[in-house]
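Here's the letter readout for the chains.
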Amino acid sequence: SGGDAGRGDQGGDHDLVAMCNPSKGSITSTESLERLIKLASDCSCDGWDGYGATAVSAGAVANAARLIHASPKDLPAPDPGAEPDGCVTLEWYASPSWLISVSVAPDGLVDYVAILGERTEKGSCVFADEFPSGIRRLVRQICSVESENL
């Protein structure tokens, strides 16, 4: 929980405009799922990071895919990554001071932390089939900050 090793390449600087506006370069849900499949393959063996990380759990990958599928269509897709404990990270990244990192475990537990400028929010919930409302609210906050600044 809480690492970004194995995170997909974001293709250079990834700003709020790109994240919240698909025409400006954010990834699609399909691309997010493709990156998830690739990281599941790349991180499928213990030690994938060269430092003894646990293989990414098939259950965590399945739950992350379910979470991406359940994501409201008006939200940008997350960038998936692998964590050294076998969980999957889904990240909505605008800048080092505007991001949300969600750790998805094989048992459905979801831990999240959001850095919103100078404020931090964190929490946990169990993911069933509905996208967690707290995470939805935080992703929308990042996007609304950008739209106010255009």
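Just above sits the structure.
Residues numbered from 1 in each chain as written. Predicted model: local features only at pLDDT ≥ 70, side-chain atom pairs only at ≥ 80, totals over all residues. Heavy atoms only, no water.

A.B. asks: Could you give an account of the overall build of the protein, with specific residues and numbers?
C.D. replies: Counting its secondary structure elements, the protein contains four helices and five strands. Counting every position in the protein, which comprises 150 residues, the buried fraction comes to 45%. Within the protein, contacts between residues at least 6 apart in sequence are counted, and of these 56% link residues at least 24 apart. When the accessible area of the protein is evaluated, it comes to approximately 7,500 Å², of which 52% is carbon and sulfur surface. (Helix = DSSP H or I, 4+ residues; strand = E, 2+ residues; numbered from the N terminus. Buried < 20%, exposed > 50% of the residue type's maximum accessible area, 1.4 Å probe, protein only. Contact = heavy atoms within 4.5 Å. Areas by Shrake-Rupley, 256 points an atom, 1.4 Å probe, with all protein chains shown as cover.)

A.B. asks: For the packing of aromatic side chains, give the residues involved together with the corresponding values.
C.D. replies: Any aromatic ring pair is given by two values, namely how distant the centres are and how the planes are angled relative to each other. Throughout the structure, instances matching the rule amount to one aromatic pair. Ring geometry for Trp92 and Phe131: centres 6.3 Å apart, planes at 85°, overall edge-to-face. Within this pair, whereas Trp92 is found in strand β2 (residues 88-95), its partner Phe131 is found in the loop between β5 (119-126) and α4 (133-149), the two being separated by 39 residues in sequence. Considered together, Trp92 and Phe131 belong to a single accessibility category, that of buried residues. (Phe/Tyr/Trp six-rings, centres within 6.5 Å; stacked < 30°, edge-to-face > 60°.)

A.B. asks: An account of the nonpolar core is needed here, citing residue identities and associated values.
C.D. replies: As a rule of thumb, soluble globular proteins bury nonpolar side chains together. Among the nonpolar cores identified, the biggest contains 32 residues, and Leu36, Leu90 and Val102 are the most heavily contacted of them. In contact with Leu36, not counting residues within four places along its chain, are Val61, Ala64, Ala65, Ile68, Pro80 and Val88. (Core = buried A, V, L, I, M, F, W, Y, C linked by side-chain atoms within 4.5 Å.)

A.B. asks: Help me get a handle on the pattern of salt bridges, residues and values and all.
C.D. replies: A side chain with one charge may pair with a side chain of the opposite charge, provided their charged atoms come close. This structure, assessed with the given rule, holds six salt bridges. Between Arg140 and Asp74 there is a salt bridge, with the nearest N and O atoms lying 2.8 Å from each other. Here Asp74 lies in the loop between α3 (58-70) and β1 (79-82) and Arg140 lies in helix α4, a separation of 66 residues in the sequence. Arg140 gets classed as partly exposed once you look at its relative accessible area, which sits at 33%. Its relative accessible area of 52% is what places Asp74 among the exposed residues. Among the charged side chains, a network of salt bridges with common partners joins Arg119, Glu121 and Arg137. (Salt bridge = Lys/Arg side-chain N within 4 Å of Asp/Glu carboxyl O.)

A.B. asks: Residue-level account of the sheet that holds β5, with values.
C.D. replies: Reading across the sheet, the five strands line up as β1-β2-β3-β4-β5 and stay open at both edges, with antiparallel pairing between neighbours. Either end of the sheet is taken by a strand with one partner, and the two such strands are β1 and β5. On average, each strand axis in the sheet is tilted by 20° relative to the strand beside it, whichever way the strands run. The pairing of β2 with strand β3 (residues 98-104) spans seven bridges and is classified as antiparallel. Residue pairing in the sheet places Thr89 in a bridge with Ser103 of β3. Of the strands in this sheet, β1 and β2 touch helix α2 (residues 29-42), which is tilted by about 10° from β1. Most of the contacts of α3 go to β2, to which it runs at about 45°, and overall it touches β2 and β3. (Pairing = 2+ DSSP bridges. Axes fitted to C-alpha atoms, helices over the stretch in contact; angles between N-to-C directions.)

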